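A closer look at the structure
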Amino acid sequence: MFNLVLFGPPGSGKGTQSDKLVAKYGLIHLSTGNLLRKEIADQTSLGMSAKSYIDSGKLVPDAVVIGMVDSFFDRHKGANGFLFDGFPRTVAQAEALDELLTNKNTAISLVVALEVSEEELVKRLLHRGQTSGRSDDTDESVIRKRFAVYTNETSPVAAHYQQSGKFSSIAGEGSIDDIFTGICAQIDKAR
Ligand code: B4P
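The shown structure was predicted, so the numbers you read here are calculated from the model rather than taken from an experiment. (Residues numbered from 1 in each chain as written. Predicted model: local features only at pLDDT ≥ 70, side-chain atom pairs only at ≥ 80, totals over all residues. Heavy atoms only, no water.)

**Topic: the site of the ligand**
Residues in close proximity to the ligand total 29 residues, the closest being Thr16, Thr32, Lys58, Arg128 and Arg146. Contact distances for the ligand include 2.9 Å between a nitrogen atom and a side-chain N or O atom of Gln93. When atoms are counted within 2 Å of each cavity's grid points, the one that captures over half of the ligand is the largest pocket. Of all the secondary structure elements, the ones that give two or more residues to the shell around the ligand are α1 (14–25), α2 (32–41), α6 (118–132) and α9 (176–190). The element that contributes the greatest number of residues to the shell around the ligand is α2, accounting for four residues. Here the shell around the ligand is built from residues that sort into 10 nonpolar, 10 polar and nine charged. (Near = heavy atom within 4 Å. Polar contact = N/O pair within 3.5 Å; in protein donor to acceptor, adjacent residues only side chain to side chain. 1 Å grid on protein atoms, 1.4 Å probe; cavity = no way out; pocket = protein on both sides within 12 Å on 5 of 7 lines; lining within 4 Å. Sits in = over half its atoms within 2 Å of the grid points. Helix = DSSP H or I, 4+ residues; strand = E, 2+ residues; numbered from the N terminus. Nonpolar A, V, L, I, M, F, W, Y, C, P; charged D, E, K, R; others polar.)

Here you go:
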């Protein structure tokens, strides 16, 4: 099994690159952002409580996200590998993921972090906000709050994976295809 974590701040291109990577490598795409937006669209109670966190730029509580990932695994028992996009976002989520994968006799194979400057991220997210209908992309103060949350709660996840020697980072600015080629090179080296 090959399990990849795509890591990086909001707007760094995780979702964009994930679509191309799952097509090339046949991995199952697990985007906690997409799962949460689906819960919101379906107006489930999980979605309704997640919406208030997302709209204010906060992370959805760990227990909710981990439960959602656990049931995603139950629905994809025969998978050859996963691409984790936007998950884990806290050290507690990373520890829970390690445990879930150990129970499946597998582990994280590689973490690729996308590095993008904050000004470029703001530009991308405000631009996406004009067309996506995503309420968390239209207000610059919410976008800045998401960066602060990333620095405080998500960036420590990098250290969690650096300890295992499976962490690499790559410039996330430039053409989407060039960035994709760079990520593929890292994957091909690690497989
Ligand atoms: P996510 O859905 O994960 O979204 P994201 O971090 O905002 O974006 P991503 O990095 O995927 O950017 P994209 O490729 O789309 O999270 C949304 C919210 O859900 C979070 O704030 C949080 O509240 C909640 N949440 C999700 N997971 C959670 C978890 N595990 N725990 C707790 N809460 C959680 O790219 C952005 C834009 O840039 C696009 O418009 C794209 O076209 C453009 N772009 C991409 N690559 C480009 C390039 N190379 N050049 C120019 N533009 C580019």
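**Observations concerning the packing of aromatic side chains**
Throughout the structure, instances matching the rule amount to seven aromatic pairs. Note on Phe7 and Phe167: the rings are 6.3 Å apart at their centroids and 70° apart in plane angle, and the pair reads as edge-to-face. Here Phe7, found in strand β1 (residues 4–7), pairs with Phe167, found in strand β5 (residues 167–171); they are 160 residues apart in sequence, far enough to count as distant. Following the ring pairs from residue to residue traces out a cluster consisting of Phe72, Phe73, Phe82, Phe84 and Phe87. Taking the ring centre of Phe73 as reference, the NZ or CZ of Lys104 above it sits at 5.2 Å. For the cation-ring pair, Arg191 lies above Phe2, with the distance from its terminal atom to the ring centre recorded as 6.0 Å. (Phe/Tyr/Trp six-rings, centres within 6.5 Å; stacked < 30°, edge-to-face > 60°. Lys NZ or Arg CZ within 6 Å of the ring centre and 35° of its normal.)

**A word on the layout of surface pockets**
Counted as a void, the largest pocket has a volume near 900 Å³. Together, 46 residues line the largest pocket, and Pro10, Gly11, Lys14, Arg89 and Arg134 are the ones closest to its centre. Elements with a contribution of two residues or more to the lining of the largest pocket: β1, α1, β2 (28–31), α2, α6, α7 (140–154) and α9. Residues of the lining of the largest pocket, tallied by class, amount to 17 nonpolar, 18 polar and 11 charged. (Points joined across faces, edges and corners; volume = space filled by probe spheres on them.)

**Here's the deal with the nonpolar core**
If you look at the biggest cluster of nonpolar residues, it comprises 29 residues, and the most contacted ones within it are Phe7, Phe73, Phe84, Leu97, Ile108 and Tyr161. Those elements that provide at least two residues to this core are β1, α2, α3 (45–55), α4 (62–75), β3 (82–85), α5 (91–103), β4 (110–115) and α8 (156–162). Here this core takes five residues from α4, the largest share from any one element. In this structure, Ile108 is in contact with Asn3, Val5, Phe84, Leu97, Leu101, Tyr161 and Lys166, ignoring residues within four places of it in sequence. In this structure, Phe2, Leu6, Leu21 and Leu27 belong to the second largest nonpolar core, which totals 17 residues. (Core = buried A, V, L, I, M, F, W, Y, C linked by side-chain atoms within 4.5 Å. Buried < 20%, exposed > 50% of the residue type's maximum accessible area, 1.4 Å probe, protein only. Contact = heavy atoms within 4.5 Å.)

**Regarding the pattern of salt bridges**
Pairs can form between side chains of opposite charge whenever their charged atoms are close. The tally for this structure, following the rule as stated, stands at 14 salt bridges. Note that Glu140 and Arg144 form a salt bridge whose closest N and O atoms lie 3.0 Å from each other. With Glu140 and Arg144 both in helix α7 and four residues apart, this pair spans about one turn of that helix. Taken together, the shared-partner salt bridges connect Arg128, Arg134, Asp136, Asp137 and Arg146 into one network. (Salt bridge = Lys/Arg side-chain N within 4 Å of Asp/Glu carboxyl O.)

**Topic: α2**
Within α2, burial applies to Thr32, Gly33, Leu35, Leu36 and Ile40. Buried residues of α2, viewed axially, fall in a sector of 165°; they line one side. Those residues of α2 that are exposed and aimed more than 90 degrees away from the buried face are Lys38 and Ala41. Buried positions along α2 lie against β2, α3, α4 and β3. Following α2 by one or two positions, Gln43 adopts a phi angle in the positive range, close to 55°. (Arc of directions from axis to C-beta.)

**Here's the deal with α6**
For α6, spanning 15 residues, the distance from its first C-alpha to its last is 20 Å, which sits close to the expected 21 Å at 1.5 Å a residue. Those residues of α6 that are buried are in contact with α7. Remark: Gly133 follows α6 within two positions and exhibits a positive phi of approximately 75°. (Expected span 1.5 Å × (residues − 1).)

Everything listed here is a matter of geometry and, on its own, says nothing about what the molecule does.
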